[in-house]
Amino acid sequence: MKLESNWLVSSQTVANIQRFFGLELDPPSDIVTNNKSSTSNGHTSTHNGVHHRQKQEAPSQSKVEEITTTKDASTKVETRYSVKNRFWYWLFAFGATLGDDVFYYTFYPFWFYNLSPWVIRRVILMWGLIMYVGQSSKEILRWPRPSEPPAVRIEKRYFKEYGMPSTHAMVGTLVPFTILAVTWDHYEYSHTWGVALASSYTLLVCFSRLYRGMHYILDILVGTGVCMLLLAINLQFIDALDHFLVTHPYAPIPLIAVAFLLCLIYPCKDDNGWSSTRNDTTMCLSCVSGIMTACWICNQLGWLIDADVPVSQPLVFPGWTSIALMLLRELIGCCIMVLVHVTMRTLVLFLLSLVMGRKIDRSKETTVYVELPYKFIAYFCICCAMVLVSPVTFKALGIPIYTFNV
């Protein structure tokens, strides 16, 4: 890569950062082919002159081995890296999850069920905008990720995506600073501590992307900078947008139409019209439209107490009983979402098969005509259930949400 001469887009710079935190790529050792092999006493002995390989060491021994398949399907190259400081390894592993799907599935429901729907609605609206800008930019720019070697690339699932800009860095900036901005004048807390925690959150996510070898420094800087710029512009209109989407009698119509249209015109250059970034973006926009539509329904039913202003309460550390109730709501709410997910996945595939006149097998047919309606409808319904069904269930179980007048 020609840009590798610049330290901002240098794989060697990423490798140096990894070594500083105790993560090193071991020298390439062995190749394992599909030819017959025999195993004895923890060694693999391959025929036809292929090298021997030591048995993989346990994770407790700070040695990790991964198998990477080359273009030649008969050859697999072994990737080894050494973890010399397990504190940094697990800290940055946690930081990486703050921008993954698991984080979205747990963090957003937790805020709805236990803290403030008013605050998290604004975070979700900004999340939809910033994720669309970031993911579509990857498809347009098509910049590669750091090469291995010299860097260690830990997260194999992101190999199918391009690197510029870092959407982890964008989300890692978006979440804490949006919460900080929208709560600044509505809740009493130390603003100094708020800025310190938000900055620490962002730094943790950004450094986790470098430590795990998934981005160049420039990817991180651009992602953070673009996010801050979009926040500075759009936070001026976020209250008016939220008010319109929650209170206007016809708000769901343009909301769903715009979200689906953006998914439809997504700039994907893959042959089948579908990619990992398009998949994530469709899920994101369907979640935004599903949550806001459900909030609109709640407001029409008179359930939503904080449609215009947040329900302000003193910020105090909850007691053990309150913590237990929060976790119980989170567990029940996640179970409801999983149940709806399984149901809608089956139902949507059945309806798509009826419309197309043939059985749809997603494992063999990954096209925009199948994946777009499948993802959009399924996740739209999951998020509607999160906002509509969960509060009713909580009240029936005697653990109601104070921000919902069900």
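Remember, it's a predicted structure, so these values are computed and weren't measured experimentally.

Caption draft 1: Here's a closer look at the pattern of salt bridges. One pass over the full model with this rule turns up 6 salt bridges. For aspartate 239, the salt bridge goes to arginine 122, with nearest N and O atoms at 2.8 Å. On the criterion of sequence distance, the pair formed by aspartate 239 in helix α8 (residues 238–247) and arginine 122 in helix α4 (residues 117–141) is long-range, its members being 117 residues apart. Judged by its relative accessible area of 40%, aspartate 239 is partly exposed. Salt bridges here are not isolated pairs; linked through shared partners, they connect Arg121, Arg122, Asp239 and Asp242.

Caption draft 2: Geometry of the packing of α4 against helix α7 (residues 217–234). Between α4 and α7, the shortest axis-to-axis distance is 11 Å and the interhelical angle comes to 140 degrees. On the basis of the axis angle, α4 is oblique to α7. Once α4 is placed against α7, the crossing between them reads as right-handed. Across from Met126, Leu129, Ile130 and Val133 in α4, the residues of α7 making contact are Val226, Cys227, Leu230, Leu231 and Asn234. Among the residues forming the contact of α4 with α7, the class breakdown is 8 nonpolar, 1 polar and no charged.

Caption draft 3: Up close: the nonpolar core. Tyr108, Phe112, Trp127, Val175 and Val387 are the most contacted members of the largest nonpolar core, which has 98 residues in total. Top element by residues in this core is helix α12 (residues 368–396). It accounts for 16 residues. In this structure, valine 387 is in contact with Phe112, Ile291, Ala294, Cys295, Cys298 and Phe404, ignoring residues within four places of it in sequence. Counting 5 residues, the second-largest nonpolar core is a separate cluster that includes Val9, Ala15, Ala151 and Tyr216.

Caption draft 4: Representation of unusual backbone geometry. At arginine 142, a residue that is not glycine, the phi angle is positive and equals roughly 55 degrees. Topologically, arginine 142 is positioned in the loop between α4 and α5 (167–183).

Caption draft 5: Representation of the side chain of serine 116. Mapped onto the fold, serine 116 is located in the loop between α3 (101–114) and α4. Take serine 116: its relative accessible area is 4%, and that puts it in the buried class. A distance of 3.5 Å separates a polar atom in the side chain of serine 116 from a polar atom in the side chain of tyrosine 187.

Thresholds, definitions, all that
Residues numbered from 1 in each chain as written. Predicted model: local features only at pLDDT ≥ 70, side-chain atom pairs only at ≥ 80, totals over all residues. Heavy atoms only, no water. Salt bridge = Lys/Arg side-chain N within 4 Å of Asp/Glu carboxyl O. Helix = DSSP H or I, 4+ residues; strand = E, 2+ residues; numbered from the N terminus. Buried < 20%, exposed > 50% of the residue type's maximum accessible area, 1.4 Å probe, protein only. Axes fitted to C-alpha atoms, helices over the stretch in contact; angles between N-to-C directions. Parallel < 35°, antiparallel > 145°, perpendicular 65-115°, else oblique. Left-handed = near helix turned anticlockwise from the far one by under 90°. Contact = heavy atoms within 4.5 Å. Nonpolar A, V, L, I, M, F, W, Y, C, P; charged D, E, K, R; others polar. Core = buried A, V, L, I, M, F, W, Y, C linked by side-chain atoms within 4.5 Å. Polar contact = N/O pair within 3.5 Å; in protein donor to acceptor, adjacent residues only side chain to side chain.

Just distances and angles here, no functional claims.
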